Amino acid sequence: LAKTTQPISMDSYEGQEVNITCSHNNIATNDYITWYQQFPSQGPRFIIQGYKTKVTNEVASLFIPADRKSSTLSLPRVSLSDTAVYYCLVGGGRGGYQKVTFGTGTKLQVIP
Amino acid sequence: EAGVAQSPRYKIIEKRQSVAFWCNPISGHATLYWYQQILGQGPKLLIQFQNNGVVDDSQLPKDRFSAERLKGVDSTLKIQPAKLEDSAVYLCASSHPGLAGDGVRSSYNEQFFGPGTRLTVL
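Computed from a predicted structure; not experimentally measured.

Rules of the game
- Residues numbered from 1 in each chain as written.
- Chains lettered and ligands numbered in written order.
- Predicted model: local features only at pLDDT ≥ 70, side-chain atom pairs only at ≥ 80, totals over all residues.
- Heavy atoms only, no water.
- Pairing = 2+ DSSP bridges.
- Helix = DSSP H or I, 4+ residues; strand = E, 2+ residues; numbered from the N terminus.
- Axes fitted to C-alpha atoms, helices over the stretch in contact; angles between N-to-C directions.
- Core = buried A, V, L, I, M, F, W, Y, C linked by side-chain atoms within 4.5 Å.
- Buried < 20%, exposed > 50% of the residue type's maximum accessible area, 1.4 Å probe, protein only.
- Contact = heavy atoms within 4.5 Å.
- Phe/Tyr/Trp six-rings, centres within 6.5 Å; stacked < 30°, edge-to-face > 60°.

S.K.: Mind showing me how you'd approach the sheet that holds strand β3 (residues 19-24) of chain B here?
M.R.: Hydrogen bonds along the backbone pair up the strands of a sheet, which may run parallel or antiparallel. All names here are of chain B. Judged by pairing direction, the sheet is antiparallel, and its 4 strands sit side by side in the order β1-β3-β8-β7 without closing on themselves. Each edge of the sheet is formed by a strand with only one pairing partner; in this case those strands are β1 (5-7) and β7 (65-68). With direction set aside, neighbouring strand axes in the sheet form an average angle of 15°. Bridge analysis of β7 against strand β8 (residues 75-79) gives 4 bridges, and the strand direction is antiparallel.

Shown next, in the form of structure tokens:
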């Protein structure tokens, strides 16, 4: 089971771009990289998922280098409502039983 | 589409008492998860069901925790007897193994979480 390492916390001012990097050195061939967002008093919710290269949606972009040993979640022009904990998960490939593990996450604080 | 339902939302009990949590997953989702989230930590998987069978309960404290998913739909998580360290939020999630997400707006095995039950053990 691939272990992930990400910063415990980050601060950013409103309007800035935020990049959160996750290390996953022992990622397996079938593993996907998924990011979840959790607001206080709520369950986590899916943000974005990728296997390699770049994925973009209306909320975020996910950059994955060729060796796939790390990934970077990019949040463009953050607002106060982006203050949350962001989790990087590795695993959960298609088909069959795939275990994923939530780490401690990165607590992002957006400052006015 | 209705989301994952959980009840109760809050529960306060004294140590050594029993408590039960209920979860109703999204219709059609074969996989159901129970997580324990202690304040300041990430969710910790307690048990994962595929339909009504258990596929992972390696982190479930089986001396006091039990869970069942009769008929492969609703699930109940029980703690008996509760300890002070069981104070946490208990999250239920469901997913569909065959969900063919493209990663942009949905994902393979994307988990949909309920609002959680906040348990306080005094």
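S.K.: Got a minute to help me understand the nonpolar core in this structure?
M.R.: Buried together is how nonpolar side chains tend to be arranged in soluble globular proteins. Residues and elements named next belong to chain A. With 22 residues, the main nonpolar core has Ile33, Trp35, Ile47, Ile48, Leu73, Leu75 and Tyr86 as its most contacted residues. Where this core is concerned, the elements lending two or more residues are β2 (18-23), β3 (32-38), β4 (45-50), β6 (61-64), β7 (70-75), β8 (84-91) and β9 (106-111). Ranked by the residues each element gives to this core, the list is headed by β8, at 4 residues. With near-sequence residues (within four places) excluded, Leu75 lies in contact with Gln16, Glu17, Val18, Val59, Ala60, Tyr86 and Leu108.

S.K.: Explain the packing of aromatic side chains here, please?
M.R.: Aromatic ring pairs are reported here in terms of the distance separating the ring centres and the angle at which the planes meet. Here the structure, examined in full by the defined rule, presents 11 aromatic pairs over all chains. Taken together, a centroid distance of 6.3 Å and an interplanar angle of 85° make the contact between A:Tyr36 and A:Phe46 edge-to-face. With A:Tyr36 in strand β3 and A:Phe46 in strand β4, this pair connects stretches of sequence that are 10 residues apart. One exposure class covers both A:Tyr36 and A:Phe46, and it is buried. Judged by centre distance (5.9 Å) and plane angle (80°), the rings of A:Phe102 and B:Phe113 are edge-to-face. A residue pair is termed interchain when its members come from two chains, as with A:Phe102 in the loop between β8 and β9 and B:Phe113 in strand β10 (residues 112-113). Here A:Phe102 falls in the buried class, since its relative accessible area comes to 6%.

S.K.: Whenever I open this one, the sheet that holds strand β1 (residues 9-13) of chain A confuses me. Can you help?
M.R.: Residues and elements named next belong to chain A. Strand order in the open sheet formed by 5 strands is β1-β9-β8-β3-β4, with mixed pairing between adjacent strands. A strand with exactly one partner marks an edge of an open sheet, and here the two such strands are β1 and β4. Across this sheet, the average inter-strand angle for adjacent strands is 25°, counted without regard to direction. With 5 bridges joining them, β1 and β9 adopt parallel strand pairing. For Ser9, the partnering residue across the bridge sits in β9 and is Lys107.

S.K.: How should unusual backbone geometry be read in this particular structure?
M.R.: Residues apart from glycine generally show negative phi values, whereas peptide bonds are mostly found in trans. Each neighbour pair has its own omega, and for B:Ser7 with B:Pro8 the value is -10°, a cis peptide bond. Mapped onto the secondary structure, B:Pro8 falls in the loop between β1 and β2 (10-13). Following B:Gln80, the chain continues to B:Pro81 via a peptide bond in cis, the omega torsion being -5°. You can see B:Pro81 is positioned in the loop between β8 and β9 (88-95). Backbone geometry places A:Ser41, a non-glycine residue, at a positive phi of 65°. Along the chain, A:Ser41 turns up in the loop between β3 and β4.

Just geometry here; none of it tells us what the structure is for.
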